[in-house]
There are 2 protein chains.
Amino acid sequence: MDLNLTTQSVSTRDAVYRVLKNQILLLEIPPGTSLSEKEISLKFNVSRTPVRESFARLAHEGLLEIYPQRGTVVSLIDSELVEEAQFMREHLERAVISLACNSFPESNLRSLKINLAKQKLGIEEQDYKSMFQLDEDFHHIIFEGCAKKNTWDVVQQIKVHLNRSRMLRLAADHDWEHLYNQHLHMYEAIQAHDAARSDLLMKKHMELTLSDQDMLKQKFPTYYK
Amino acid sequence: MDLNLTTQSVSTRDAVYRVLKNQILLLEIPPGTSLSEKEISLKFNVSRTPVRESFARLAHEGLLEIYPQRGTVVSLIDSELVEEAQFMREHLERAVISLACNSFPESNLRSLKINLAKQKLGIEEQDYKSMFQLDEDFHHIIFEGCAKKNTWDVVQQIKVHLNRSRMLRLAADHDWEHLYNQHLHMYEAIQAHDAARSDLLMKKHMELTLSDQDMLKQKFPTYYK
DNA sequence: ACTACCACACTTGTATGGTAGTATGGTAGT
DNA sequence: ACTACCATACTACCATACAAGTGTGGTAGT
């Protein structure tokens, strides 16, 4: 395997980190897999040092578990962690959208409107890949409008634990039409400065994500703790 | 300087990490100070490797800023980050205490009661050092009772950004009597399953922490971004 | 057949040398 | 006096060697 060092990362450590993280999140390296610094360093044709530093970072994020002098494994999905991640995300998102109802820059409101239009287009063209990104962007714009950049970063960090679980479900089983309507209503609530309504809408919106955790656990028992 | 390797840390990396983090949080190494791997490794009589890995971790937490091939400095306090950290902490704490009002184990309720008694004692004896810990414990017990261990960990992580700012204020300027009463009222709200009241109480409680940020910024301009 | 033991092949942890990029201070030229 | 340039002394980054702990399979002894 070869690392693509052209994409701004520059440092081999970051490159290794990104590739590994991607593979783990996409379940290309399934939970429970044993890794070793040497193995990865050979695979990528780099020394152990940058690999080791990537391992440390991934372990800190909860995607790897390092057992000194014994080995390193891709961590199993921890349902408790998934549930709590969802809990945290919900409350932070609700807090932020309530803020947005108090004051929200006109430019960000326009961005939301544009985003919604793109979503509508995406649904018609059944471009589910870009729908994922637009969904992400929609929420990001709200955080930006509230000057809550760091909070967004924390939410992203927290979401790491959700992602593998979400990946197990088929990408296509989202009811995009429903999602679009929820986004639209949130937009309207922000525009109308209706904090109570936005809070309720976001609550419902978040509930969608965490539905069939138990089902997944039964279907992929070896992936879960 | 010598590292105390006796205290469970075992690995020199963790030891270096803890000592550095402590010194930074206690402002013994003030914001803006330049560090280098070599300098610290000589100071602690260890090789550059564990120092380097500690640097990476501290940088990830936002306490250091690493400029490749140029140097590493202790990050300045970012008021925006402090404000957002407080924002996140408030909403997570409020969400959890509301949960606690719905259902809370009897044993944790007892722990809270015991903690309150110790607080009362601490105030009488003017033992402010243990008051810090009891305050911390009180909130921790609530999270435990709601089975929100991971959320607690995230809050701890977020609080890193608050700590240096809090450190600048005198430790003694807390109105412990007031804090005790707030804790007591929260305890009563949990016991009475009064979520709305607990939410309001926690909101007020959190507001205490973030008061005179601007004053601090004027008083210690070189510490802030 | 069974057990105790030990050599060995792993693992991660630590130390160190070399590389490339950056800031700085002195110097030569204008 | 001022500027452009370059040697030098840094820096963090990466590669590599060694150290120390752990699991395992084979072997000798019972």
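Analysis parameters
Residues numbered from 1 in each chain as written. Chains lettered and ligands numbered in written order. Predicted model: local features only at pLDDT ≥ 70, side-chain atom pairs only at ≥ 80, totals over all residues. Heavy atoms only, no water. Phe/Tyr/Trp six-rings, centres within 6.5 Å; stacked < 30°, edge-to-face > 60°. Helix = DSSP H or I, 4+ residues; strand = E, 2+ residues; numbered from the N terminus. Buried < 20%, exposed > 50% of the residue type's maximum accessible area, 1.4 Å probe, protein only. Lys NZ or Arg CZ within 6 Å of the ring centre and 35° of its normal. Core = buried A, V, L, I, M, F, W, Y, C linked by side-chain atoms within 4.5 Å. Contact = heavy atoms within 4.5 Å. Near = heavy atom within 4 Å. Polar contact = N/O pair within 3.5 Å; in protein donor to acceptor, adjacent residues only side chain to side chain. Buried area = accessible area lost by both parts, 1.4 Å probe. Salt bridge = Lys/Arg side-chain N within 4 Å of Asp/Glu carboxyl O. Axes fitted to C-alpha atoms, helices over the stretch in contact; angles between N-to-C directions. Parallel < 35°, antiparallel > 145°, perpendicular 65-115°, else oblique. Left-handed = near helix turned anticlockwise from the far one by under 90°. Nonpolar A, V, L, I, M, F, W, Y, C, P; charged D, E, K, R; others polar. UniProt positions renumbered as here; feature names shortened; annotations may be inferred. Least-squares fit on C-alpha atoms with pLDDT ≥ 70 in both. Expected span 1.5 Å × (residues − 1). Domains from an automatic or database assignment.

Q: Go over the packing of aromatic side chains with me, naming the residues and quoting the values.
A: Aromatic ring pairs are reported here in terms of the distance separating the ring centres and the angle at which the planes meet. Throughout the structure, instances matching the rule amount to 6 aromatic pairs over all chains. Pairing B:Phe132 with B:Trp176 gives two aromatic rings, centres 5.9 Å apart and planes at 80 degrees, and the pair type is edge-to-face. With a gap of 44 residues between them, B:Phe132 in helix H6 (residues 128-145) and B:Trp176 in helix H8 (residues 176-191) connect regions that are remote in the sequence. Look at B:Phe132 and you get partly exposed, because its relative accessible area is 34%. The class of B:Trp176 is buried, set by a relative accessible area of 6%. In this arrangement the basic side chain of A:Lys148 is found over the ring face of B:Phe87, its NZ or CZ atom lying 4.8 Å from the centre. For the cation-ring pair, B:Arg57 lies above B:Tyr17, with the distance from its terminal atom to the ring centre recorded as 4.0 Å.

Q: Explain the nonpolar core to me, using residue names and the numbers behind them.
A: Among the nonpolar cores identified, the biggest contains 86 residues, and A:Leu112, A:Ile142, A:Ile190, B:Leu112, B:Ile142 and B:Ile190 are the most heavily contacted of them. Setting aside chain neighbours within four positions, we find A:Ile142 in contact with A:Val96, A:Ile97, A:Ala100, A:Phe104, A:Leu112 and A:Ile190. The next biggest cluster of nonpolar side chains, apart from the first, holds 17 residues, and it includes B:Val16, B:Leu20, B:Val46 and B:Val51.

Q: Mind laying out the protein's contact with DNA strand D, listing which residues take part and the relevant values?
A: As a matter of local geometry, DNA strand D sits amid 22 residues, with A:Thr12, A:Ser47, A:Thr49, B:Arg48 and B:Arg52 nearest to it. For DNA strand D, the backbone portion of the atoms within 4 Å of the protein, that is sugar and phosphate, comes to 75%. A:Arg13 places a polar side-chain atom, nitrogen or oxygen, 3.2 Å from a phosphate oxygen of DNA strand D. The separation between a sugar or linking oxygen of DNA strand D and a polar main-chain atom of B:Gln69 is 3.2 Å. Broken down by element, the residue count for the surface near DNA strand D peaks at 3 residues, all from helix H3 (residues 48-60) of chain A.

Q: Summarise the interface of chain B and chain A; cite the residues concerned and give the values.
A: Contacts between the two partners involve 23 residues from chain B, matched on the other side by 24 residues from chain A. Around 2100 Å² of area is buried between chain B and chain A when both sides are counted, 62% of it from carbon and sulfur atoms. The largest share of the area that chain B buries against chain A comes from B:His60, B:Glu84 and B:Phe87, three residues that together contribute 26% of it. At the junction of chain B and chain A, the tally comes to 2 salt bridges. Its salt-bridge partner being B:Glu53, residue A:Arg52 comes within 2.7 Å of it at the nearest N-O pair. Taken together, the connections running from chain B to chain A amount to 8 residue pairs in polar contact (both at pLDDT 80 or more). At the level of elements, helix H3 (48-61), helix H4 (79-102) and helix H7 (149-168) of chain B are the ones that each hand at least two residues to the side of chain B that touches chain A. For the side of chain B that touches chain A, the element with the highest residue contribution is H4(B), accounting for 10 residues.

Q: Please set out the packing of helix H2 (residues 37-44) of chain A against H3(A) residue by residue, giving values where relevant.
A: Residues and elements named next belong to chain A. Two elements in contact, H2 and H3, have axes separated by 9 Å at closest approach and are oriented at 120 degrees. As far as their axial angle goes, H3 and H2 are oblique. Along this stretch, H2 crosses H3, giving a crossing that reads as right-handed. Judged by residue contacts, Glu-37, Lys-38, Ile-40 and Ser-41 of H2 engage Arg-48, Val-51, Arg-52 and Phe-55 from H3. Here the contact of H2 with H3 is built from residues that sort into 3 nonpolar, 1 polar and 4 charged.

Q: An account of the UniProt feature "domain: HTH gntR-type" (unreviewed entry) in chain A is needed here, citing residue identities and associated values.
A: Those residues carrying the UniProt feature "domain: HTH gntR-type" (unreviewed entry) are residues 10-77 of chain A in this numbering. Between the end C-alpha atoms of residues 10-77 of chain A the distance is 31 Å, and the span holds 51% helix and 15% strand.

Q: Residues and numbers for the relation of the copies chain B and chain A, please.
A: Mapping chain B onto chain A calls for a screw motion: a turn of 180 degrees about the axis and a shift of 0.0 Å along it, with 0.1 Å RMSD after fitting. Accordingly, the operation relating the two chain copies is best matched by a two-fold axis. Of the interface residues in chain B, 100% have counterparts in chain A that sit at the interface too, so the contact is made through matching surfaces.

Q: Run through the protein's contact with DNA strand C, naming residues and quoting values.
A: Contacts to DNA strand C come from 22 residues, most closely from A:Arg52, B:Thr12, B:Ser47, B:Arg48 and B:Thr49. Each atom of DNA strand C within 4 Å of the protein belongs either to a base or to sugar and phosphate, the latter forming 65%. Between A:Glu37 and DNA strand C, the recorded distance is 3.2 Å, taken from a backbone N or O atom to a phosphate oxygen. At 2.8 Å, a side-chain N or O of A:Gln69 approaches a base oxygen of DNA strand C. Residue assignment for the surface near DNA strand C shows that the elements contributing at least two residues are H3, strand S2 (64-67) and strand S3 (71-74) of chain A together with helix H1 (12-25) and H3 of chain B. Here the element with the most residues in the surface near DNA strand C is H3(B); it accounts for 3 residues. When grouped by side-chain class, the residues that make up the surface near DNA strand C number 6 nonpolar, 9 polar and 7 charged.

Q: Before we move on, could you go through helix H6 (residues 128-145) of chain A and cite the residues and values that matter?
A: Within an α-helix, residues lying three or four positions from one another point in the same direction, as the helix has 3.6 residues per turn. Residues and elements named next belong to chain A. With 18 residues, H6 should reach 26 Å at 1.5 Å per residue; the first-to-last C-alpha distance of 26 Å fits that figure. Within the span of H6, buried status applies to Met-131, Leu-134, Asp-135, Phe-138, His-139, Ile-141, Ile-142, Phe-143 and Gly-145. Those residues of H6 that are buried are in contact with helix H4 (79-102), helix H5 (106-124), helix H7 (149-168), helix H8 (176-191) and helix H9 (195-209). With its phi angle positive at about 55 degrees, Ala-147 sits one or two positions after the end of H6.

Q: Help me get a handle on unusual backbone geometry, residues and values and all.
A: Residue and element names in this part refer to chain B. The phi angle at Leu-27 is positive, at roughly 65 degrees, despite the residue not being glycine. Phi is positive for Ala-147, close to 55 degrees, though the residue is something other than glycine. Position of Ala-147 relative to the elements: it lies in the loop between H6 and H7.

Q: Requested: an account of the domain arrangement of chain A, with residues and values cited.
A: Residue and element names in this part refer to chain A. The domains assigned to chain A are domain 1 (12-74) and domain 2 (79-219). Here the C-alpha centroids of domain 1 and domain 2 sit 30 Å apart. Contact with domain 1, which involves 10 residues of that partner, is made by 7 residues of domain 2. Of the roughly 750 Å² buried between domain 1 and domain 2 on both sides combined, carbon and sulfur atoms contribute 66%. Summed over the three residues of domain 1 that lose the most area to domain 2, namely Leu-25, Leu-27 and Glu-61, the buried surface amounts to 60% of that side. Run the count over domain 1 and domain 2 and you get 0 salt bridges. The tally of links between domain 1 and domain 2 comes to 1 residue pair in polar contact (both at pLDDT 80 or more). Of the residues forming the side of domain 1 that touches domain 2, the biggest block, 3 residues, is contributed by helix H1 (residues 12-25).

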